Structures are given as C-alpha cells and as structure tokens.
Amino acid sequence: MFECVLRKNRKMEAQNFLDPCQRPDIEKLTPVFQTDKFYCLDGGFASSLQTFYQKDIDNDPLWSCRALKTDPEAVIQTHEAFLEAGANIITTNTYQGHHDLFRTHIKDFKDPCIDPHLLLEKAVELADEAIMRVNGTGRSLETLVAGSIGPYGACLGDGSEYTGAYIDTVSKEFLQEWHSDRIKRLMFNKSVDIFAIETIPSYIEALAILDALKDVHGARCWISFQCKDDSHTARGEPIEEAFAQLMNHPEALRIKAIGVNCVKASSVTPILKRLNTVNNWQSWPDNDYFTKIPYIIAPNGGEDWNAVEKRWVGEIDDIICHIREWMILGANVIGGCCRVGPPKIKLIKKEIVNNIYEVTKLRLEQSRKEKRPIDQWSFDEKCLRRPPYEEQKRRIEVAKEFFRDASEDGDANAIITAQLEAMMAHNNKEMYEAIKTLERQEIPKDEIEEQPIEIEDED
Ligand SMILES: [Zn+2]
C-alpha cells in the first residue's frame, strides 16, 4: 500500500516535471538576485580594513584574514563602513582564508586542529554582527552576506592569481579538494547567502570550485574573473570561452551572476560586450531555464599591484562615469575591489540609484526585441486567454495597491517593478495616466535616494 502511494507520488513528480507550467523552478526556490533589481556590492576589504586595523596587511601572508583572530572588532567596523555607504551585499573577510594557511601562520590557537576551521565560520558571524549594528535587524532581501572565496593562487602570496601560472601545476581534483573545506565552513553554522568566487584567473579553477559546491546543499555563487586585458582571463582564455565552460557545467544553475573583479574600470565595457555575444538564449536554445545571467562588476581603483614590492602603483580610475553603461549592458551587481573604499562605494550606490528607472526601461525594450520564440508564443497564448472583465478589474486593483504601497515606502526598486507590472496590465488606462503623471514630475537627481516620490491619489 505504502509502496503504491510512493509510486503514485513519483509518477506525479515526473508528470509535473514534464509539464512546463508545473515544473519546480530552481531559480525561484532559491532566489538571490532578482534580474530586474540592482545591488551595490561592497569594495576592497583589505585596503579598507587598514582604516580600523593598525597592523601591516600587505606584507602579511594571511593578508586581511589575520584580523579575524587578532582584531574582530576592526573587521566588524569595516563591514559597517560599507553598509553605511549603501552596500546591499557585504563579503566575508575570507578571501585568503584557509585552515592550512591559518595553521601555518597563526601560532596561538588553543586547538590547532579545530580552531582554524572555526575562524572561517566566525567570519560570517562578524558580517552578521555588522548588519545587526547598522540595520538594527538581520539580513534581508536588500542586505546579503556573500562568502568570499579567493583563488588558490592568492594563498601562494606571489601574485599568481593575476597570471594563473599555477593552474598548469596542480590538478583540478586538488583545487576542488582545497576549496571544499572553506566552502563547507561558510555554509556550516550561519550560511552565507551566496559565494563570491572572485579574482579567478582561469575557468579551470572556477569549474573545480563548482565541483566543490555540488556537495553543499543550497550553495549558490557568482563567479568573477580577473582579466589581463579587454578580452581574456588572467591566464589568457577568451572570456567568451570561459563563460561557455561555466554554462556547460552540470551545476551551472548554481551560478547567479558572472563577471569580473580587480580589473581596470576602462576594460569592463569591452568585456561585457564580448560576454553579451554568448550570454543570450540563441547560444543556449535547448536550455529551458536559461535567461540572461546578470553581471557582477567590481573594478579596482585603477592602480597596479606590484607583487614584488607589494604596493600599488599608477593612476586612479574614474569608475562612476561607466556605471550607467554597465547597467545597460546587463550588470545588476556593482561594487569595487582593491583600493575602492566606503566613500567611493557611496558614490557608486548613488549613481546606481540615479539610473535605475532609465536603465530598467531600456532593458525592457531590449528584452522585447530579443524575445525568444517560446516567450513570444506564451505571450500570444496569454492574450488569447485573457481573463474575464471582472477578473481584469480585480487584478488592476491589486496592481494599484502595490503601486501605492511602494510609493509610500519610497522604495525605488519596488516603484519601478510596480510601474512595469502596471504597464503590462491589460486595458489599464487609469494606471497608464498615473505613471505618466509620475514621469512628468521633475525630481532633482540627488534627492531621489532620500525622498519618497509622491503620487496623486486618483480616487
Ligand atoms: Zn582587488
């Protein structure tokens, strides 16, 4: 009898999976980024930690990670500074964190067997403590914690994450094993929302990390490459090929964003244009789930890292002037890397907010042009099955209420979403007029962030 029920459930599951309307949507079950929202990421942790931490970081083999043990308060304060600047996502101070490295370079552990692993778990607690102090509550959809996973090369301390030279000297299995423990530790106690797999010089290491994520329930990630020029990863692979390799991995659905970090701001636009040639449904027509993958962008301050002298040399770049273009090209998460501190993050956030409305409209127009035939088909299908008049009226009321709530909260993202939903409502002349009124209101750009937009009540 029991077996019979089980078999029936299996059969239903299989049927549901075959029916596109019933199929469980993995993206929806585990959302991180909404593709119609924009997120401000924090900046370079180590260079900003120096404000609160009085010891030398650049010549420490543990880089900023030693502070997890010696000065947790400085770590919290650094996170706080980024949150106060407007960051929606803060990354744990674990870029160079690895239990072997901790064991080698920290001598006063009470239990050298267990404590190095616990130090990684503690990094998540410190990020949460900062969110608690700044927001007065824990994490939310607007405030996320990303677990920083730097490349193996970063732990060699010879700058080889910027060349990928080590990739040919170690096996993919070794890299998977090496990353595995740190990934599990960051998910063990208080789980991070997403992994920031960053400054990766080669897709081979990215694939090894995806192999390691496979065993960790609920683990999701973004992958950002370090690039040596406008079109190649640090190891010299064409960026389009790196993207295709990630998409072909069996765990590709865990990737919530792809991008670049610790590159010069001026090289980001050409890289995004190249990625857009492969990041579209034409490249992956057989994949039902595939929609355009959002980009994550975190340029450095513009100077070059001299690995021999262990210092930054050269000119500072203007990041702000590129932000609008990156958003139009598909970037949903924008922050900074080395030498980009809280003051610059504040400017980045402001520029993101100032451009949300225009960019969302542009992107919507673009996505209509690029609609894949199946989407077009379902759109026509929906029109044929237009709900009865009473049902349409009810939906319009719901959309109006949502619109009003969002305006009262002054939540710019919610207003845009509501506007778009309203625009798509059938025969909704009233709503269309309300949006037009809103668009006509001239709002000084620097006031948008603080001041909720007022809407005339139409009743
Ligand atoms: Zn960097």
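Small disclaimer: the values here were computed from a predicted structure and weren't measured. Sequence order as written defines the numbering, with residues in each chain counted from 1. Side-chain atom pairs in this predicted model are given and counted only at pLDDT of 80 or more, local residue features only at pLDDT of at least 70, and totals for whole chains, interfaces and linings cover all residues.

**Some points on the overall build of the protein chain**
Then comes step 1: A run of H or I in DSSP counts as a helix once it spans at least four residues, and a run of E counts as a strand once it spans at least two, with each numbered from the N terminus. For the protein chain, the helix and strand inventory stands at 17 helices and 10 strands.
Then comes step 2: For the protein chain, the share of sequence-separated contacts (at least 6 apart) that also reach a separation of at least 24 residues comes to 77%. Contact between two residues is assigned when their C-beta atoms, built from the backbone, lie within 7 Å.

**Section: the sheet that holds strand β6 (residues 255-261)**
Then comes step 1: Between any two strands, pairing holds if DSSP finds at least two bridges. Spatial strand order, β1-β10-β7-β6-β5-β4-β3-β2: eight strands in an open sheet with parallel pairing. Here the strands that pair on one side only, and so sit at the sheet edges, are β1 (39-40) and β2 (89-91).
Then comes step 2: Sheet analysis places strand β4 (residues 194-200) next to strand β5 (residues 221-225), joined by four bridges and oriented parallel. By the bridge assignment, Ile197 is partnered in β5 with Ile223.

**A word on unusual backbone geometry**
Then comes step 1: You will see that Trp63, though not glycine, has its phi angle at about 50 degrees, which is positive.
Then comes step 2: By secondary structure assignment, the location of Trp63 is in the loop between α3 (45-49) and α4 (67-70).

**Thoughts on the pairing of β4**
Then comes step 1: The exposure label follows from counting other C-beta atoms within 10 Å of a residue's C-beta, where the C-beta atoms are placed from the backbone and the thresholds are 20 or more for buried and 12 or fewer for exposed, leaving partly exposed in between. Counted residue by residue, β4 has seven buried out of seven residues, so it is predominantly covered.
Then comes step 2: Of the pairings in the sheet, the one linking strand β3 (residues 144-149) to β4 comprises four bridges and is parallel in character. Following the sheet pairing, Gly147 is matched in β4 by Phe195.
Then comes step 3: Crossovers are described as right-handed under a simple rule: with the strands pointing away from the observer, the path leading from the first strand over the helix to the second runs clockwise. Handedness of the β4-helix α9 (residues 203-213)-β5 crossover: right-handed.

**Section: helix α8 (residues 172-188)**
Then comes step 1: To estimate how far a helix should extend, the number of its residues minus one is multiplied by 1.5 Å. Under the 1.5 Å per step criterion, the end-to-end length of α8 is 24 Å for 17 residues, consistent within 8% with the ideal 24 Å.
Then comes step 2: To obtain the bend at a residue, axes are fitted to the seven residues ending there and to the seven starting there, and the angle between these axes is taken. Of all bends in α8, the biggest is about 30 degrees, found at Ser180.
Then comes step 3: When α8 is considered as a whole, its buried residues turn out to be Leu175, Gln176, His179, Arg182, Ile183, Arg185 and Leu186.
Then comes step 4: Residues of α8 that are buried make contact with α7 (115-135), β3, β4 and α9.

**Some thoughts on the packing of α7 against α8**
Each pair of packed helices gets described by two things: the angle between the helix axes and the distance between those axes.
Then comes step 1: In this description, a line fitted to the C-alpha atoms serves as the axis of each element, helices being fitted only across the stretch in contact, and the angle between N-to-C directions of two axes falls anywhere from 0 to 180 degrees. At a minimum axis distance of 8 Å, the contact between α7 and α8 shows a crossing angle of 50 degrees. Considering their axes alone, α7 and α8 lie oblique with respect to each other. When the axes of α7 and α8 are compared, the crossing they make is right-handed. Contact residues: α7 offers His117, Leu120, Glu121 and Val124, while α8 offers Asp181, Arg182, Arg185, Leu186 and Phe188. Should an angle lie under 35 degrees it is considered roughly parallel, over 145 roughly antiparallel, and from 65 to 115 roughly perpendicular; all remaining angles are considered oblique. Left-handed describes a crossing in which the near helix is turned anticlockwise from the far one by less than a right angle; the clockwise case is right-handed.

**Overview of the packing of α8 against α9**
Then comes step 1: In the contact formed by α8 and α9, the axes pass within 8 Å of each other and the chain directions differ by 50 degrees. One way to sum up the angle between α8 and α9 is to call them oblique. Here α8 runs over α9; the crossing is right-handed. In this structure, α8 contributes Lys172, Leu175, Gln176, His179, Ser180 and Ile183 to the contact, and α9 contributes Ile204, Glu205, Leu207, Ala208, Ile209, Asp211, Ala212 and Leu213.
Then comes step 2: By residue class, the composition of the contact of α8 with α9 is eight nonpolar, three polar and three charged. Three categories are distinguished: nonpolar for Ala, Val, Leu, Ile, Met, Phe, Trp, Tyr, Cys and Pro, charged for Asp, Glu, Lys and Arg, and polar for the others, with Gly belonging to the last.

**Digging into the nonpolar core**
Then comes step 1: Phe195, Ile197, Trp222 and Ile334 are the most contacted members of the largest nonpolar core, which totals 103 residues.
Then comes step 2: Setting aside its immediate chain neighbours within four residues, Ile334 contacts Cys40, Leu41, Ile297, Ile323, Trp326, Ile348 and Ile352. Definition of nonpolar core: a set of buried Ala, Val, Leu, Ile, Met, Phe, Trp, Tyr and Cys residues joined via C-beta atoms within 7 Å.

**Regarding helix α10 (residues 239-247)**
Then comes step 1: Looking at α10, one finds that the buried residues are Ile239, Ala242 and Phe243. In an axial view of α10, the angular spread of the buried residues amounts to 100 degrees, which keeps them on one side of the axis. Picture the helix axis, draw a direction to every C-beta atom, and the arc is the one those directions span.

**As for the environment of Gly164**
Then comes step 1: The residue Gly164 is located in the loop between β3 and α8 in this model.
Then comes step 2: Once the C-alpha coordinates of Gly164 and Glu205 are considered, the two residues, 41 residues apart in sequence, prove to be 9.2 Å apart.
Then comes step 3: Excluding residues within four positions of it along the chain, Gly164 makes contact with Gly153, Pro201, Ser202, Thr233, Ala234 and Arg235.

**Some thoughts on the environment of Ile183**
Then comes step 1: Positionally, Ile183 belongs in helix α8.
Then comes step 2: Spatially, the C-alpha atoms of Ile183 and Ile209 are 8.9 Å apart, while their sequence positions differ by 26 residues.
Then comes step 3: Residues contacting Ile183, with those up to four places away along its chain left out, are Ile149, Phe195, Ala212, Leu213, Val216 and Ala219.

**Quick word on the pairing of β6**
Then comes step 1: Across the seven residues that make up β6, a large majority, seven, are buried.
Then comes step 2: Note that β5 and β6 share five bridges and pair parallel. Within the sheet, the bridge partner assigned to Ile223 lies in β6 and is Ile258.
Then comes step 3: Taken together, β5, α10 and β6 constitute a β-α-β crossover, and its handedness is right-handed.
Then comes step 4: Pairing geometry for β6 and strand β7 (residues 295-298), over four bridges, is parallel. Counterpart to Gly259 in the pairing with β7 is Ile296.

**Quick notes on the environment of Tyr166**
Then comes step 1: Mapped onto the elements of the fold, Tyr166 is located in the loop between β3 and α8.
Then comes step 2: Judged by local crowding, Tyr166 falls into the buried class, with 20 C-beta atoms found within 10 Å.
Then comes step 3: Filtering out sequence-adjacent residues up to four positions away, Tyr166 remains in contact with Tyr152, Gly153, Leu156 and Ser160.

**Here we look at the confidence of the model for the protein chain**
Then comes step 1: Per-residue confidence for the protein chain gives a mean pLDDT of 83; residues scoring 70 or more make up 75%.
Then comes step 2: The predictor's confidence in any single residue is recorded as pLDDT, a number from 0 to 100. A low-confidence stretch, residues 1-29 stays under pLDDT 50, and its non-local contacts, those more than four residues away or across chains, total seven contacts.
Then comes step 3: Contacts of residues 447-459 to residues separated by more than four positions or lying in other chains number 21 contacts, the stretch itself having pLDDT below 50.

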